[in-house]
Amino acid sequence: MGEARAGSPAIALESVSVRYKGRETLALDGVSLIARAGEVTAVLGANGAGKSTLLRVVAGLLAPDRGTLTLGGVDARTLDRRAMARVVALVPQIERVAEGFRVREVVGMGRSPHLDGWMRPRREDETAVDDAMARCDLVHLADRDVATLSGGEHRRVAIARALAQRPKVLALDEPAAFLDIKHRLALREVLADAAKRDGVACVAALHDLEDAARLASHVVILRGGKVLAAGAPADVMTRELLATAFDVSPTSLDVPAARAPSRS
């Protein structure tokens, strides 16, 4: 799969539907989405709207019942798990702690899809880990046992591991969860840098409207597994649409000023 040019579609979901076993209602119902290289796409919606399910589809962990997923123009169904992992990195909302490993070792696991059969790291793998550790403020924790970390530190390790993977698509489910103010602000820079410097298509499920307004080039609002609205933040992050998405009164919302669409 070739390098995606900035602004080119890195992800395309077309009419994707997912139903979990034993559930009557669809978790995703005819969802279409395009996320572009070099941009941050924010996915907004209430709990149960389908955000996590969408990211699992993007990461290849969940096959849709209907519809298609393409990555850089390639049908995801033609890619095996290892090939998918070289393209997409997922930071899930909740993940198991890798007990018995040190921080640098866990971050280094992000390089696994790129290693040879002997799993021997090369200089470029070490460089990718060094870079990810620095970007997530983990250098001073490199030798710590991950079992001793706080919730926020675990979150930063998960994000660093995904960055070390050097993906073309970075899917993040509530990436700011457990982060303190310092690292929450730093996360905005990390995602913006991944998009602008590395040309990654970042797709982030967010609850924080200010993060979406500041970061996103494109916003998708889900409600009940369907796309309620999609477009530039200034166009879709309106009081009325957000109130509908979160089932609250419009007067109770403090809607941040969204970034203007890029003219570049």
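Refer to the structure printed above.
Keep in mind it's a predicted model, so treat the numbers as computed, not measured.

Each value, and the rule that gives it
Residues numbered from 1 in each chain as written. Predicted model: local features only at pLDDT ≥ 70, side-chain atom pairs only at ≥ 80, totals over all residues. Heavy atoms only, no water. Salt bridge = Lys/Arg side-chain N within 4 Å of Asp/Glu carboxyl O. Buried < 20%, exposed > 50% of the residue type's maximum accessible area, 1.4 Å probe, protein only. Helix = DSSP H or I, 4+ residues; strand = E, 2+ residues; numbered from the N terminus. Expected span 1.5 Å × (residues − 1).

1. Describing the pattern of salt bridges
Line of reasoning, step 1. Within this structure, the stated rule accounts for 22 salt bridges.
Line of reasoning, step 2. Among the salt bridges present, the one from Asp 75 reaches Arg 77, with a minimum N-O distance of 2.7 Å.
Line of reasoning, step 3. For Asp 75, a relative accessible area of 22% gives the class partly exposed.
Line of reasoning, step 4. As a salt-bridge pair, Arg 197 and Asp 198 come within 2.9 Å of each other at their nearest N and O atoms.
Line of reasoning, step 5. Exposure remark for Asp 198: the relative accessible area of 36% places this residue in the partly exposed category.

2. Focus: helix H5 (residues 151-164)
Line of reasoning, step 1. In a regular helix each residue adds 1.5 Å, so 14 residues correspond to 20 Å; H5 covers 20 Å between its end C-alpha atoms and thus fits that length.
Line of reasoning, step 2. In terms of residue burial, H5 counts as a mostly covered element, since 11 of its 14 residues are buried.
Line of reasoning, step 3. Buried within H5 we find Gly 152, Glu 153, Arg 155, Arg 156, Val 157, Ala 158, Ile 159, Ala 160, Ala 162, Leu 163 and Ala 164.
Line of reasoning, step 4. Positive backbone phi, approximately 50°, marks Arg 166, located one or two places after H5.

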